[in-house]
Amino acid sequence: MLLDEKGKLFGKISIIDIGVLLLIAVLMGGVYYKFFMVDKNQNAAKFDTIEYKILVEEVRQQSVDAIEIGANIYDVKTDSPMGKIVDKEVLPATDQLTKADGTMVIAEKPERFNVIVTIQVPGVETEYGFRANGRMDLNRESQQVMDTRMIILETKIVDVKNLSK
Amino acid sequence: MALIDGKGRLFGKINIVDLLILLLIISIAGGVYLIFFGRSDKQVVETSKVVYDFEITNVNKDFVDAITPGDPIRDSTRGNELGTVVSKTSRNATMLNEDLINGRYVIADVPNAYDVVITIEAKANITPANIIVGGAEVKVGKKFFIKGKGYANQGFVTKMTLVGQ
């Protein structure tokens, strides 16, 4: 009999134990997929060079200075390399302001800057988008933590393209 | 003796499912340890002296006066040592306000309030991705709750210098 009167498979292993085993297997598979799995065809030789731009908003001069061209970017959770800063463009920070008379203006915020940081990273382009190192999705308007050895900042991705095409 | 007996026990002693659950618990504990404690010392390339600025905003004069060169600074959350005060500078606290009549942003002084920048010196472990002081990653933009002799507050790292590099 497949299941006996005690709910044991072939009279040996409890069906609940089997369920727990399957749960563990699924959990371990999920962890492996999340942290170690990369897309197919993504060994280093097949990576393209993906260039993406991130926007750092309303930071002060100290933060601007700490964003260094040539600095490596790391994944904030795993410290895996996620590319290199190749350029930065510093702009005055601005915002919409409604004046007392009801009109709207774009006003500059003194001593605050927006920085557009250009990053290059080995990655893949698929029909679904771009993945840095085959792991991290790069989507315009999505939030990204820029983590170098000297600075950590919340940023927003504003552009992404494949330089190898 | 069979490897697994009629009751599903390994060598007749340990239930195979219990063993797997135990392994899962050990793996989770190991993962938690790596996430919270393991990253700090991994890939240490060298140790070096670092000097960093830590800014606390909008405090009163008594708070500024209490900060003294030579004070040991601790992370008040984790209790780790974050270095020693080298110097301090203070200025009037400011706020970025909206001038709705003229449609612009202005920086306004806050009466009887100060922004203080504490310069802290510490020994650090240097990895490719991080500068680690007392087990904590210290970099521009990082927020800490600090505690000195008779004072405690929160603030941000605003400048980071690796001495000798």
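Computed from a predicted structure; not experimentally measured.

Enquirer: I'm lost on the nonpolar core in this one. Help?
Expert: Judged by nonpolar contacts, the single largest core of 45 residues is most densely connected at B:Val133 and B:Met160. Setting aside chain neighbours within four positions, we find B:Met160 in contact with A:Ala66, A:Met150, B:Val50, B:Tyr52, B:Ile131, B:Val138, B:Lys139 and B:Val140.

Enquirer: Any chance you could explain the interface of chain B and chain A here in plain terms?
Expert: You'll often see interface size given as the accessible area lost when the parts meet. Taken together, the 26 residues of chain B in the interface contact 26 residues of chain A. For the side of chain B that touches chain A, the secondary-structure elements that each account for two or more residues are helix H1 (16–38), strand E5 (81–99), strand E6 (104–126) and strand E10 (151–162) of chain B. It is H1(B) that provides the largest number of residues to the side of chain B that touches chain A, a total of 4 residues. Of the residues in the side of chain B that touches chain A, the class split is 14 nonpolar, 6 polar and 6 charged.

Enquirer: Looking at this model, I keep getting lost on the domain arrangement of chain A. Mind explaining?
Expert: Under the domain assignment, chain A is made up of domain 1 (1–37) and domain 2 (44–162). The centre of domain 1 of chain A, based on its C-alpha atoms, is set 44 Å off from the matching centre of domain 2 of chain A.

Enquirer: Mind showing me how you'd approach the domain arrangement of chain B here?
Expert: Once the domains are mapped, chain B shows domain 1 (9–39) and domain 2 (43–162). Each of domain 1 of chain B and domain 2 of chain B has a C-alpha centre, and the two are 41 Å apart.

Enquirer: Is there a simple way to explain the environment of A:Ala71 in this structure?
Expert: Residues and elements named next belong to chain A. Considering the arrangement of structural elements, one finds Ala71 in the loop between helix H2 (61–66) and strand E4 (72–74). Considered as a pair, Ala71 and Asp4 are 67 residues apart in the sequence and their alpha carbons are 64 Å apart. What Ala71 contacts, discounting residues up to four positions off in sequence, is Ile85, Thr148, Arg149 and Met150.

Enquirer: Please clarify how the pairing of strand E4 (residues 72–75) of chain B should be interpreted in this entry.
Expert: Every other side chain in a regular strand lies on the same face of the sheet, so the side chains alternate between the two faces. Residues and elements named next belong to chain B. Direction of pairing for E4 relative to E5: antiparallel, over a ladder of 3 bridges. In the sheet register, Arg74 faces E5, and the bridge partner there is Glu81. Following E4, the chain reverses through 5 residues before pairing antiparallel with E5; Gly79 in that reversal takes a positive phi of roughly 85°.

The rules we used
- Residues numbered from 1 in each chain as written.
- Chains lettered and ligands numbered in written order.
- Predicted model: local features only at pLDDT ≥ 70, side-chain atom pairs only at ≥ 80, totals over all residues.
- Core = buried A, V, L, I, M, F, W, Y, C linked by C-beta atoms within 7 Å.
- Buried ≥ 20, exposed ≤ 12 C-beta atoms within 10 Å, placed from the backbone.
- Contact = placed C-beta atoms within 7 Å.
- Helix = DSSP H or I, 4+ residues; strand = E, 2+ residues; numbered from the N terminus.
- Nonpolar A, V, L, I, M, F, W, Y, C, P; charged D, E, K, R; others polar.
- Domains from an automatic or database assignment.
- Pairing = 2+ DSSP bridges.

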